[in-house]
Amino acid sequence: MARSISGVFLVVGLAVTLLLLAHQASAHGSHAAAPKSKLQIKAHKVEAISIGATPATLQRSGEWVVVSWRGVDSPSAGDWIGVYSPANASVTTSVPIKYKFADESTNYLSTGAGSVRFRLTNMRADYAFHFFRHGITRPTLVATSNAVTFVNYNEPMQGRLMLTGRQNEMRVMWTTRDAVRPQVKFGTSPGNYDQSVGAATSTYRKEHMCGAPANAEGWRDPGLLHSAVLSNLRPDTRYYYVYGDPTFGFSAEASFVSEPHPGQSDRVIHLFAFGDMGKTTQDNSTEHWDSELASINTTTLIAKDLDARPMDLLLHIGDIAYAVGYGAQWDEFHDQVSAISTRLPYMTCIGNHERDFPNSGSRYNGSDSGGECGVAYEARYPMPTPARDQPWYSFDYGFIHFTFMSTEHDFSIGSVQWKWLEEDLKKVDRVKTPWVVFSGHRPMYIDSQGDIGDAADQPVARELRANVEDLLFKYQVDLALWGHHHSYQRSCPVYKGTCIPSGRAPTHVVIGMAGFSLTTNLELEKPTWARVVNDQEHGYTRLAVTRSRLEMEFISDVDTRVKDHFALYK
């Protein structure tokens, strides 16, 4: 969920509406935001400006370059450097991946010379840096750097693990530019890969998008998406693996632990859960939104947490990357989470910023996906769903049954999704899986003043309660996880707005506080069903589950302390 944006990228002839973020006032108060302001890029103006980027060749993704320039006459606070890839991308029909203002370089305004640093992700193409003058409303392109290349455009990138919904399997995905024999090599000891499996390769194209900016100025070729399914894995066993192609090279080694045996009763299952995270830059440059700065704290802390304790899987409950039609942002997101997603199954739930677009079949008619309409999300995170654009699914993990719905599709009583949800919950074997955890993006119970429009918090919550709550109560769902509202909220065990004894109704937890700017539109009085409401801290949650106890805690990004803890019992 996003309450506001700084602007929108649009292309009208040479007029490009850049989604340039408001420069942070604390650092550069002189740079005002330019919401939805048309960017008229003039013809290249000849000035005695030179600009260069070093090194010109990068060995691997994530390395840094220094962009230096000199010879700017009458330098101003509105001059800026845009990062483009491929290097020959047209500045009049595509948008910069990110940018910095020139006066971030000390003494630029007095000397007309300076330098800034950028961290570059390998996006399977070269980069160039364009120097613009006269601000973001009517900038003039005055200089272009040399191209910066990568040694290997087929460096295996964007590694991630996913469960397939079938016992003893694990999906491994990654991205390259080309493919000959993409594969995963794996085994049960470090460096000893006695098994291998080939990967299926797919992609998506501009014409698969349903609107702008995804099929216009935000489009960027996603490369080839490789997917290999490792099968016949021994339960509860650590596997070491690499992914790539003998022709182009393999990734660094990573490892994961396969899921426990369903009958394994003495196991504690540990998982992370959060929603609405997104990503941000690691070089303090600016991208299309400046609202996800806290996401780097979340991913950093989770990675450290993962080093310190055993974890089994991760749930990301909607609003995944906030790419919203700007394809390069998916590359940046995968880069940010790779230290986690290569070690844990990264299970996702679709949100409004992955799916919604007018007249596309989404339940709500907003343009929140930026024209992606779920295509990019489903290609990158193929969950075990019934069919394309039916992004609801379930799986068992040990003694937990997980069910995911789509709040972005029709969930009314009798709909395709509603019937599937009832059938899924009906057939849960509570002897095998005594715990049922249900998830959807928009919350069923929410402390929020948002009550105007059919997609606002309270109208959606009322619709969910009218159509879905009886299913959760009838089939004794234990815990319901939601996102969308950028806060942490926990209910009592509740049914039809009334708290009832524990174990007889779901406890609802909103966990949309992982990265995007916090939502602070709470009711003047806390609802009677609400036990904890925290709209002041970002963070994530951890769960530890045995056959008889489910514990959940909220970890703050601010000070890493536990800010809420509760337990459910069988």
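In the annotation of an unreviewed UniProt entry, the entry for the protein chain reads Purple acid phosphatase, and the organism field reads Acanthamoeba castellanii. Quoted verbatim from the Catalytic activity (unreviewed entry) field of the UniProt record, the comment on the protein chain reads "a phosphate monoester + H2O = an alcohol + phosphate".

Enquirer: Help me understand the overall build of the protein chain, please; the structure alone is not making it clear to me.
Expert: On a plain count of helices and strands, the protein chain comes out with nine helices and 35 strands. Relative to a compact globule of 570 residues, whose C-alpha radius of gyration would be 25 Å, the protein chain shows 24 Å and is just as compact. Dimensions of the protein chain along its principal axes, counting C-alpha atoms only, are 75 × 60 × 45 Å. Taken across its 570 residues, the protein chain has 60% of its residues classed as buried.

Enquirer: Which parts of the structure should I look at to understand the sheet that holds strand E9 (residues 114–119)?
Expert: Within a sheet, each strand pairs with its neighbour through backbone hydrogen bonds, oriented either parallel or antiparallel. Strand order in the open sheet formed by three strands is E4-E6-E9, and the pairing between neighbours is antiparallel. Only two strands of the sheet have a single neighbouring strand rather than two, namely strand E4 (50–54) and E9. The sheet shows a mean angle of 20° between the axes of neighbouring strands, taken without regard to direction. Pairing geometry for strand E6 (residues 64–70) and E9, over six bridges, is antiparallel. Within E9, the position partnered with Val67 by the bridge is Val116.

Enquirer: Sorry if this is basic, but what is going on with the confidence of the model for the protein chain here?
Expert: The predicted model of the protein chain averages 92 in pLDDT, with 92% of residues at 70 or higher. The lowest-confidence element of the protein chain is strand E1 (residues 10–12), averaging 28 in pLDDT; the highest-confidence one is strand E28 (residues 479–482), averaging 99. Counting interchain partners and residues more than four positions distant, the pLDDT-below-50 stretch residues 2–39 has 107 contacts.

Enquirer: Explain the pairing of strand E26 (residues 400–404) to me, please; I cannot follow it from the model alone.
Expert: A regular strand places its side chains so that they alternate between the two faces of the sheet. The buried fraction of E26 is high, at five of five residues. Burial along E26 is two-sided: Ile400, Phe402 and Phe404 and His401 and Thr403, pointing in opposite directions, are all buried. Direction of pairing for strand E25 (residues 393–397) relative to E26: antiparallel, over a ladder of five bridges. Paired with Phe395 across the bridge in E26 is Phe402. From the end of E25 to the start of E26, which pair antiparallel, there are two residues, and Gly398 there has a positive phi angle of about 60°. As paired strands, E26 and strand E27 (residues 435–439) are joined by five bridges and run parallel to one another. Across the sheet, Ile400 pairs through a bridge with Trp435, a residue of E27. One crossover worth recording links E26 to the parallel E27 by way of helix H7 (residues 416–426), and it is right-handed.

Enquirer: Is there a simple way to think about unusual backbone geometry in this case?
Expert: Most peptide bonds adopt trans geometry, and most residues besides glycine take a negative phi value. Of the consecutive residues Ser85 and Pro86, the connecting peptide bond is found in the cis state with omega at -5°. In this fold, Pro86 is placed in the loop between strand E7 (80–84) and strand E8 (98–101). Looking along the chain, the bond that leaves Ala212 and enters Pro213 is cis, with omega of 5°. Mapped onto the elements of the fold, Pro213 is located in the loop between strand E17 (200–202) and strand E18 (224–230).

Enquirer: Quick question: what am I supposed to make of the layout of surface pockets here?
Expert: Computed from the structure, the second largest pocket encloses a volume of approximately 430 Å³. What lines the second largest pocket is a set of 23 residues, and nearest its centre among them are Pro156, Tyr243, Ser251, Ala252 and Ser338. Those elements giving two or more residues to the lining of the second largest pocket turn out to be strand E13 (157–162), strand E20 (249–250) and helix H4 (328–341). Looking at the lining of the second largest pocket, the element that brings in the most residues is H4, giving four residues.

The rules behind the values
- Residues numbered from 1 in each chain as written.
- Predicted model: local features only at pLDDT ≥ 70, side-chain atom pairs only at ≥ 80, totals over all residues.
- Heavy atoms only, no water.
- UniProt positions renumbered as here; feature names shortened; annotations may be inferred.
- Helix = DSSP H or I, 4+ residues; strand = E, 2+ residues; numbered from the N terminus.
- Rg over C-alpha atoms; globule rule 2.2 N^0.38 Å.
- Buried < 20%, exposed > 50% of the residue type's maximum accessible area, 1.4 Å probe, protein only.
- Pairing = 2+ DSSP bridges.
- Axes fitted to C-alpha atoms, helices over the stretch in contact; angles between N-to-C directions.
- pLDDT = per-residue confidence, 0-100.
- Contact = heavy atoms within 4.5 Å.
- Right-handed = clockwise from strand over helix to strand, strands pointing away.
- 1 Å grid on protein atoms, 1.4 Å probe; cavity = no way out; pocket = protein on both sides within 12 Å on 5 of 7 lines; lining within 4 Å.
- Points joined across faces, edges and corners; volume = space filled by probe spheres on them.

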